[in-house]
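# Structural features, examined
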Amino acid sequence: MNDPVTLTRRRFLAGTGLAALGLALPGSLLSACGTDSSSGSGSANLKFWMDVAGAANQDYFKKHVIDPFEASQSKIKLNVTYYSGADLRRLIQTALQAKSGPDVVRALSASQDLAWVRSNLLADLDKYAPKGGWKSKIAEWALTPFTVDNKIYALPMREDTMMLYYNKTVFDKNNWKAPTNRDEFEALATEAKGKGLIPIGGTNSTYGASSEWLVTFFWNHFCGPQPLYQALTGKLPWTDAVFVDAIDLLQSYFKKGWVAGSTAKYYSVPQATVSTQFGQGQIAMYPDGEWLMPQLSQYFGKAAKNDNDWDWAPLPSLSSDVPPGLFVVGVGGSYGVNAASKSPDQAAKFLQWYYSDKKTAIDRMAGSPSTYNIPIAIDKSDLPSSMDPRSARLLTSVQDALTAGKFGYATWTWWGPKADTFVYQGVDKVLNGKLSSKDYCSQLNDIFQQELKAGNVPATIEPKPQKL
Amino acid sequence: MTALTRQGLTSRRREPLPIGRYAILTLLALSVLWPLLTLVFNSLKTNAAIGASPLTPPTHPAFSNFADAWRQGNFSVTMRNSVIIGVGTVVGVCVISGLAAYALSQLKLPAGGAAITYLFMGSALPVQLFLVPLFYLWTRLHLTDSLFGLMVIFWATDSPFATLLLRSFLLKIPKDFREAARLDGASELQILRRVVLPLAWPGFLTVALISALWSWNEFFFAITFIHEPNLRPISTSFLAFQDQFSTNWGLTSAAALFMIAPILILFLALQRRFVNGLTSGGLK
Amino acid sequence: MTGWLFLAPLLLVNLLVIVGPSIATVYYSLTDWTGTGSAKFIGLSNYRRAFDDPDLRQAVVHNVIWFVLFLTIPTIVGLLAAHLLSSIRRFQMFFRTVFFIPYITASVINAFIWTSLLNPTNGIGVALSHIGIPFFKNTSFFGQPNLALPSVNFVVDWHWWGFLAVIYLAAMQNVDPALYDAAKVDGAGKWQLFRHITMPGIYPTLVFMFLMTIIWSLKVFDYVYIITRGGPGGASQVISTLMYDDIFSKFEAGYAAAIGLSMSFVVAIVLAGYFYLRKRGSEL
């Protein structure tokens, strides 16, 4: 066994970090459990770590991903382990860096993946691209942010957007309609608050980066996609008044007590409680991403012992410059291959199957709203009639928005990693009175420009009609 | 009565029961027990009942939570893992810290003081300082996803405190016994085994219990170094359970009780000796 | 020589797990390491940055606040409980056991209990408002910036004071009863007995726990991480959670290493002060 003291001294002298050690790894050693994922005979037992929570969801994953894939070929098996989301990210990162961990990597959003790519933790997928046909099957807009120096290093896992969920029963009872512009939005919020409801639901307590969703909402629907595109390409600084004003508007809603009931509650009430309140009719509107959709069934209706139902509408426009019906787009997670994997070919095979078996993909998307929405072209007629219409509408609305060029930019996809982290950490300070909106934008600008110069901002797309 | 008081025979003073003191002690005891009791209450309630009134005793006790939690949380496996880790940690820590404490208390070491300082320093370093390089090293040594690998980490993190505890315990052992044994020609190791150990075993018991406790409850290293679900200890399994069933407080409370129960029973059974070990050695 | 042989296992395991990887971290503190991949040497600029960093300064302030709270509250309650326990005969064991229970429960479980109890929608605050105490109806203990840190500290204090009580009780029971008797003959009252006999009698234990409290206050991580993650907006951020954030969210592992080392340096100074005082005559 190597003497650990010599190990560290060598590292010290080498001076180029962990990657420089180059120790020969004997045999298969990715797990002390003895699962062999060597690529000798084309067969493999791929290690795959996923953040699917709950027995029901895990069964679904098995039925719609593991089983069909293993049935489609005989040599490769998937060995899946489930973790909670926050843990998964840290575990994967530490493992990748130690040149171990899963073969198929459930990677992060485009912004955060860049850091991993720069450290050579994800395998270059370009050589597998032709066989996988990814460039033709996956929408270009979704592949672009995962392309570095024209090479693909990850594939989009889930198509993200944001919308305004609302308690349909409460709305019907009060004769309310989903707001489409700022006046309607504010009037509704005021009226809801007057009736003792929480006008705008939300919480940062369970997922620490939640506040960036609100920033995404306000920057896109107040400033509009054009200024964002200019800022993302370095032509407009983040200190521009339009961005500062958006943050001020967000803060004013918090100060009015419209969001979560109070700023303190936004930061401490867990998601489960907020969802329960939403289901019981205590929250009127809930701006969130499509990832909330699969959870709602357990909080509304018979399962939750109430008579309420929910629906969703596009987020309202918050200024006259922004037309209503805008949809923010982004990619919430990605799939990649561990650069240190012993079976990269087999891992790539799995990814090829995932995006090309269209029938299985659509089945997957139909049975579980939003979680499995991959950016492949889908015809309305492909969708089964058994699919929840709200979930079907989500898929088609995002597609229509992209083809019409009426889309915006999600901060977790199009910003660089450090800037993305600052988006939510900084706004937390703003909302808690520790930072002014001006300083927030100015500090963000510094970070962003630095990353842009270093080439650490994902490639972006123009705000014009996109191909699917 | 006054005569007795003046003689200061406190143990025979006939005074009325000190109600005030018992009152305060009872209040303190309630402040400790009640939060834990809500855990017990919640474990016996269904989710709807908890939503309706979360802080009161259950009206219709439901024991289904326990069976469900046991199954869903895979507790038979994770408890077994934690027991293995615990036993291994205890044995290792007792051996390592026993030897070290003996050396520091009985044998004249020129740099003994420096060693003690070093031990203090080691236990003061924040875990973030060595976490990432340690993980990398453990991967190279095939010690990740390994109960043994976690044990070794615990040996390193628990032994300093254990050594200091044992040392102050051993300092109380009269030198004459050892001198006599040495004159009879026994080696240091034999002295340790035949003379010191029988006298010092309460201290060892305390060290064993503390190491068992720390290894049972530890979660940060556990969650970083063990990923394979069948190797997970009970602490990380509870955390995953809590995430998964965050809406079901009843179930999560039952799971929490599974985690508390074994170690609590162990301590209650051995508490007299544990406290004696902790206190007669003392932390002087 | 045997002495060093006996110390060897401890020193070895310590070197392997803690010191070795920490040395790697020393190197990384002088680089721009992101936590993954290669590292470029940048000299002392991480340290210079740490000096000016307002986030770090705020975290240090939080650790100091934490230290004050973590030292005073459990010590006062622990001493009170120990003193009361030492003066009663019946049920002493019972109370001692009960007080110790929170220390046995894991941090994940204690955090779960208290986040449930202090839940702003259906926790204690709301329950109190139903029986006429409205002050806490809308209080969000872990969500309000000014309350977050003290609230997490409260949970830790609740977890910890029982352990202190047991330790102090043991120390008190080691004080020679004859001293009390003599003082009582001189007419000393209860408070004077406590101040002039008990406190000096347990002085070494007090000093030792004081020292450990300083060190643990600098290292505090688990509860803050589990309950608030340092939020909201950094209101409960302590040094170790800041470092954790730097490593895993901001890709600034080199900077985090510099912070960690600076922290250890402070601990070293504290320890040096302790040993100096010890040499100067505290009975240790």
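These figures come from a predicted structure and were not determined experimentally.

## Quick notes on the overall build of chain C
The number of helices and strands found in chain C is 13 helices and zero strands. Secondary structure elements of chain C, listed N to C terminal, follow the sequence α-α-α-α-α-α-α-α-α-α-α-α-α. Referenced to the eigenvectors of the C-alpha coordinate spread, the extents of chain C come out at roughly 75 × 70 × 35 Å. Sorting the 284 residues of chain C into buried and exposed places 59% on the buried side. Here the contacts in chain C between residues at least 6 apart in sequence split such that 64% fall between residues at least 24 apart. Within the structure as shown, chain C displays about 11600 Å² of accessible surface, and the carbon and sulfur contribution to it stands at 68%. Of the side chains in chain C, 17 bear a positive and 13 a negative charge, and the two mean positions are spaced by 6 Å.

## Looking at the interface of chain C and chain B
On the chain B side, the residues contacting the 96 residues of chain C number 95 residues. Approximately 8200 Å² of surface area, both sides summed, lies buried where chain C meets chain B, with 80% of it carried by carbon and sulfur atoms. When the buried area of chain C at its contact with chain B is split by residue, Phe6, Ile104 and Phe112 of chain C rank highest and sum to 9% of it. Here chain C is connected to chain B by five residue pairs in polar contact (both at pLDDT 80 or more). Looking at the side of chain C that touches chain B element by element, the count peaks at 19 residues for helix α1 (residues 2-28) of chain C. Its residues assigned to classes, the side of chain C that touches chain B comprises 69 nonpolar, 18 polar and nine charged.

## Remarks on the pairing of strand β3 (residues 104-107) of chain A
Residues and elements named next belong to chain A. Residues Val104 and Arg106 line one face of β3 and the alternating positions Val105 and Ala107 line the opposite face, and both faces are buried. Sheet topology places β3 next to strand β13 (residues 334-337); four bridges connect them, and they run antiparallel. Across the sheet, residue Ala107 finds its bridge partner in β13, namely Ser334.

## Focus: the domain arrangement of chain B
Residues and elements named next belong to chain B. What the domain assignment reports for chain B is domain 1 (15-62) and domain 2 (67-279). If you average the C-alpha positions of domain 1 and of domain 2, the two centres end up 31 Å apart. Interface area for domain 1 against domain 2, summed over the two sides, is near 640 Å², with a carbon-plus-sulfur share of 70%. If you look at where domain 1 meets domain 2, you find zero salt bridges. In terms of residue count, helix α2 (residues 19-43) provides more of the side of domain 1 that touches domain 2 than any other element does, four residues in total. Of the residues belonging to the side of domain 1 that touches domain 2, the class tally is three nonpolar, three polar and one charged.

## Focus: the sheet that holds strand β10 (residues 283-289) of chain A
Residues and elements named next belong to chain A. Ordered by their spatial adjacency, four strands build an open sheet running β9-β10-β8-β11, and the pairing between neighbours is mixed. Edge positions in the open sheet fall to β9 (198-200) and β11 (310-313), since each of these has one partner strand only. With direction set aside, neighbouring strand axes in the sheet form an average angle of 30°.

## Details of the pattern of salt bridges
All names here are of chain A. Taken as a whole and judged by the stated rule, the model has 17 salt bridges over all chains. A salt bridge links Lys464 to Glu462; its shortest N-O distance comes to 3.5 Å. One network of salt bridges, with partners in common, ties together Arg158, Asp160 and Glu290.

## Observations concerning the interface of chain A and chain C
For interface size, the figure often reported is the accessible area lost on association. Listed by partner, the interface residues are 36 residues for chain A and 37 residues for chain C. Between chain A and chain C, the buried area comes to about 2900 Å², and carbon and sulfur atoms account for 57% of it. The interface formed by chain A and chain C holds two salt bridges in total. Across the salt bridge formed by Glu252 of chain C and Lys418 of chain A, the nearest N and O atoms sit 3.9 Å from each other. Here chain A is connected to chain C by four residue pairs in polar contact (both at pLDDT 80 or more). Elements with a minimum of two residues in the side of chain A that touches chain C: α1 (4-14), α3 (85-97), α4 (110-118), α13 (263-266), α14 (271-280) and α20 (417-431) of chain A. Among the residues forming the side of chain A that touches chain C, the class breakdown is 13 nonpolar, 15 polar and eight charged.

## Here we look at the packing of helix α12 (residues 239-248) of chain C against helix α13 (residues 253-279) of chain C
Residues and elements named next belong to chain C. In contact at an axis separation of 8 Å, α12 and α13 are set at 160° when each is read in the N-to-C sense. The angle between the axes of α12 and α13 places the two elements in the roughly antiparallel class. Taken as a pair, α12 and α13 cross one another with a handedness that is left-handed. Across from Ile239, Leu242, Met243, Asp246 and Ile247 in α12, the residues of α13 making contact are Ala253, Tyr255, Ala256, Ile259, Gly260 and Met263. Grouping the amino acids of the contact of α12 with α13 by side-chain chemistry returns nine nonpolar, one polar and one charged.

## Details of helix α18 (residues 389-404) of chain A
Residues and elements named next belong to chain A. Across its 16 residues, α18 extends 22 Å between first and last C-alpha, which sits within 8% of the 22 Å expected from 1.5 Å per residue. Within α18 the residues assigned to the buried category are Arg390, Ser391, Ala392, Leu394, Leu395, Thr396, Ser397, Val398, Gln399, Ala401 and Leu402. Between the side-chain oxygen at the start of α18 and the backbone nitrogen of Arg390 there is a gap of 2.9 Å, and the oxygen is on Asp388. Taken from the residues just after α18, Gly405 is the one with a positive phi, measuring 75°.

## A look at the confidence of the model for chain C
Residues and elements named next belong to chain C. In the predicted model, chain C carries a mean pLDDT of 86, and the fraction of residues at 70 or more is 98%. Mean pLDDT values for the elements of chain C range from 81 in helix α6 (residues 124-130) up to 93 in helix α3 (residues 54-86). Scored as a whole, the predicted complex attains pTM 0.80, and scored at its interfaces, ipTM 0.82.

What counts and what doesn't
- Residues numbered from 1 in each chain as written.
- Chains lettered and ligands numbered in written order.
- Predicted model: local features only at pLDDT ≥ 70, side-chain atom pairs only at ≥ 80, totals over all residues.
- Heavy atoms only, no water.
- Helix = DSSP H or I, 4+ residues; strand = E, 2+ residues; numbered from the N terminus.
- Buried < 20%, exposed > 50% of the residue type's maximum accessible area, 1.4 Å probe, protein only.
- Contact = heavy atoms within 4.5 Å.
- Areas by Shrake-Rupley, 256 points an atom, 1.4 Å probe, with all protein chains shown as cover.
- Lys, Arg positive; Asp, Glu negative; His and termini not counted.
- Charge placed at Lys NZ, Arg CZ, Asp CG, Glu CD.
- Buried area = accessible area lost by both parts, 1.4 Å probe.
- Polar contact = N/O pair within 3.5 Å; in protein donor to acceptor, adjacent residues only side chain to side chain.
- Nonpolar A, V, L, I, M, F, W, Y, C, P; charged D, E, K, R; others polar.
- Pairing = 2+ DSSP bridges.
- Domains from an automatic or database assignment.
- Salt bridge = Lys/Arg side-chain N within 4 Å of Asp/Glu carboxyl O.
- Axes fitted to C-alpha atoms, helices over the stretch in contact; angles between N-to-C directions.
- Parallel < 35°, antiparallel > 145°, perpendicular 65-115°, else oblique.
- Left-handed = near helix turned anticlockwise from the far one by under 90°.
- Expected span 1.5 Å × (residues − 1).
- pLDDT = per-residue confidence, 0-100.

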